[in-house]
Amino acid sequence: MALAGKTGVLLVNLGTPDAPTRGAVYRYLKEFLLDGRVIDINPIARNILVRGIIAPFRSGASAKLYQELWTDKGSPLKVFGYFLQEEVQKQLGDDYIVELGMRYQNPSIKSALDKLMAQQISRLVVLPLFPQYASATTGSVHDEVMRLLRQEQIIPEISFINSYHDHPKMIAAFVARAQEHNIEDYDHLLFSYHGLPKRQLVKADRCNHCMQTENCCETLSIKNQHCYSAQCYDTSRAIAEALNLPKEKYSNCFQSRLGRDPWLEPYTSDLLKERYEKGDRKILVFCPAFVADCLETTIEISEEYAEEFEEMGGEHLQLVEGLNDHPLWVEAVVELIQEA
Ligand SMILES: C=CC1=C(C)c2cc3[nH]c(cc4nc(cc5[nH]c(cc1n2)c(C)c5CCC(=O)O)C(CCC(=O)O)=C4C)c(C)c3C=C
Ligand SMILES: [Fe+2]
Ligand SMILES: [Fe+2]
């Protein structure tokens, strides 16, 4: 008789500080930015930069922003992570055990894996909560899971979900969020993705394809199938098609640059200026690299860029709510796990 054990599901998001305090933000930034897949320079320089400059100098200002972001239940990234875990568990039923881990800080991937391994799972499905693949995010999650499992005697069958930038149910969830707004009221729509250093795109490219010509990372093909930028453009294309948006009604851009190296362009702030100069006064912004609202959407887009746009003379910049607790998003995650 074939024995069928349970399937463990590990949902992993980036992570957030344990508290909106300077000390907790310092610990978060230090762990996050010391990851060699995030700041991919030589380890000595990375240590000096992170421990000596970025973490100490950024943590005070960042803690203030986290205080604004914090809810009664904690950091939204974690609150929506637990919500997702609970809902997906309900829908998958008893054959599955669903846990949440954060790549940095808590609940740690180790604590989640320990719980799954203690229940003698037969299979493990790892789902990083990043629709588009990047070495700094998805790659780092897989790296950490493999590092931890290497220490186990029994390694279960593993499925690593790598990207799902065009998953139909997820696209439907983004579309449903957009439809909470009257799109006709807006002059232009922006798809603002988290940026990446251009260097990381080139480094991940095995086909000598990325950053070769001006627009090569805007179209997805079999050659650049893992290119973060091409996957972002493809997510926008899928959402725009579903919303029947003409090409001139929307643009793609990248936010949250860190440091002086060139990051993916156009930068969100530059594009906002450009759109203002073209006469747009009402702008709707999607952030489809984030499945849950967080510092980068609620504060950076909805407050900082909205203020910048209004100071230029713009009328209104509206953020489209993240997938957060949308039922179609829960369905998308359930489907992704079942497909794995
Ligand atoms: C969505 C995918 C993300 C990619 C790709 C990514 C790359 C990346 N990020 C940094 C530096 C920072 N990111 C910060 C916050 C942050 N980043 C993501 C997601 C991606 N990052 C999320 C979801 C968040 C918000 C977390 C939250 O608690 O709400 C921050 C901290 C913010 C601050 O202190 O101001 C930094 C720093 C790099 C260097 C990078 C790629 C190389
Ligand atoms: Fe980030
Ligand atoms: Fe590319």
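Residues numbered from 1 in each chain as written. Chains lettered and ligands numbered in written order. Predicted model: local features only at pLDDT ≥ 70, side-chain atom pairs only at ≥ 80, totals over all residues.

As recorded in an unreviewed UniProt entry, the protein goes by Ferrochelatase and comes from Saprospira grandis. What the UniProt record of the protein gives under Pathway (unreviewed entry) is the line "Porphyrin-containing compound metabolism; protoheme biosynthesis; protoheme from protoporphyrin-IX: step 1/1." The heading Sequence similarities (unreviewed entry) in the UniProt record of the protein holds the text "Belongs to the ferrochelatase family." (UniProt positions renumbered as here; feature names shortened; annotations may be inferred.)

Participant: Which parts of the structure should I look at to understand the pairing of strand β8 (residues 316-319)?
Facilitator: Side-chain positions along a regular strand alternate between the two faces of the sheet. Here β8 shows a clear split, with L317 and L319 buried on one side and none of H316 and Q318 buried on the other. The sheet contact formed by strand β7 (residues 282-286) and β8 spans four bridges and is parallel. What sits directly across from I283, in β8, is L317. In terms of handedness, the path from β7 via helix α10 (residues 295-312) over to β8 forms a crossover that is right-handed. (Buried ≥ 20, exposed ≤ 12 C-beta atoms within 10 Å, placed from the backbone. Helix = DSSP H or I, 4+ residues; strand = E, 2+ residues; numbered from the N terminus. Pairing = 2+ DSSP bridges. Right-handed = clockwise from strand over helix to strand, strands pointing away.)

Participant: Explain the packing of helix α1 (residues 22-33) against helix α2 (residues 43-69) to me, please; I cannot follow it from the model alone.
Facilitator: Helices that pack against each other are described as a pair by the angle of their axes relative to one another and the distance between those axes. Taken N-terminus to C-terminus, the directions of α1 and α2 make an angle of 130°; their axes are 8 Å apart at the nearest point. The pairing of α1 with α2 is recorded here as oblique in orientation. Crossing angle aside, the handedness with which α1 passes α2 is right-handed. Counted together, R22, V25, Y26, L29, K30 and L33 of α1 and V50, R51, I54, A55, P56, R58, S59, G60, S62, A63 and Y66 of α2 form the full contact between these two elements. For the contact of α1 with α2, a count of residues per class yields 10 nonpolar, three polar and four charged. (Axes fitted to C-alpha atoms, helices over the stretch in contact; angles between N-to-C directions. Parallel < 35°, antiparallel > 145°, perpendicular 65-115°, else oblique. Left-handed = near helix turned anticlockwise from the far one by under 90°. Contact = placed C-beta atoms within 7 Å. Nonpolar A, V, L, I, M, F, W, Y, C, P; charged D, E, K, R; others polar.)

Participant: How should the site of ligand 1 be read in this particular structure?
Facilitator: The immediate surroundings of ligand 1 are formed by 23 residues, with T16, S62, H194, C294 and L295 found nearest. Of all elements in the fold, only α2, α5 (135-149) and α10 reach the threshold of two or more residues within the shell around ligand 1. A domain split of the shell around ligand 1 shows at least three residues from each of domain 1 (7-164 + 327-339) and domain 2 (181-319). (Near = placed C-beta within 6 Å. Domains from an automatic or database assignment.)

Participant: Even after reading the chapter, I still don't get the UniProt feature "binding site: Fe(2+)" (unreviewed entry) in the protein, so can you show me in this structure?
Facilitator: This chain's UniProt record puts "binding site: Fe(2+)" (unreviewed entry) on H194 and E296. The greatest C-alpha distance among the residues just named is 8.0 Å, despite their covering 103 residues of sequence, which places them together in space. With respect to the helices and strands, the residue H194 is situated in strand β5 (residues 188-194). Not counting chain neighbours up to four residues away, the residues in contact with H194 comprise Q255, S256, A289 and E296. Position of E296 relative to the elements: it lies in helix α10.

Participant: I'm lost on the sheet that holds strand β6 (residues 250-255) in this one. Help?
Facilitator: Backbone-to-backbone hydrogen bonds pair the strands of a sheet. The strands run either parallel or antiparallel. Sheet architecture is open: four strands sit in the order β6-β5-β7-β8, paired in parallel fashion. The sheet is open, and its two edges are formed by β6 and β8, each paired on a single side. The average undirected angle you get between the axes of adjacent strands in this sheet is 30°. Relative to β6, β5 runs parallel, the two sharing six bridges. Its bridge partner lying in β6, F191 is registered against N252.

Participant: Teacher, can you tell me more about the sheet that holds strand β3 (residues 123-128) here?
Facilitator: Overall, parallel pairing links the four strands, which are arranged β2-β1-β3-β4 in an open sheet. A single partner strand is all that each edge strand has here, and the edge strands are β2 (96-104) and β4 (157-160). When strand polarity is set aside, the average angle formed by the axes of neighbouring strands in this sheet is 20°. With six bridges joining them, strand β1 (residues 7-15) and β3 adopt parallel strand pairing. Across the sheet, residue T7 finds its bridge partner in β3, namely R123.

Participant: Would you mind showing me how to read the domain arrangement of the protein here?
Facilitator: Accessible area lost upon the coming together of the parts is a frequently used measure of interface size. Domain annotation of the protein identifies domain 1 (7-164 + 327-339) and domain 2 (181-319). One C-alpha centre belongs to domain 1, the other to domain 2, and the line joining them spans 24 Å. Breaking the side of domain 1 that touches domain 2 down by element, the ones donating at least two residues are α2, α3 (76-92) and α5. Along the lines of polarity and charge, the residues of the side of domain 1 that touches domain 2 split into 12 nonpolar, five polar and two charged.

Participant: Teacher, can you tell me more about the packing of helix α6 (residues 168-178) against helix α8 (residues 228-242) here?
Facilitator: The contact between α6 and α8 brings their axes to 9 Å, and the two run at 60°. In terms of orientation, α6 and α8 fall into the oblique class. Classified by chirality, the crossing of α8 by α6 is right-handed. Side by side, α6 and α8 meet where I171, F174 and V175 of the first sit next to A238, I239 and A242 of the second. Taken together, the residues that form the contact of α6 with α8 break down as six nonpolar, no polar and no charged.

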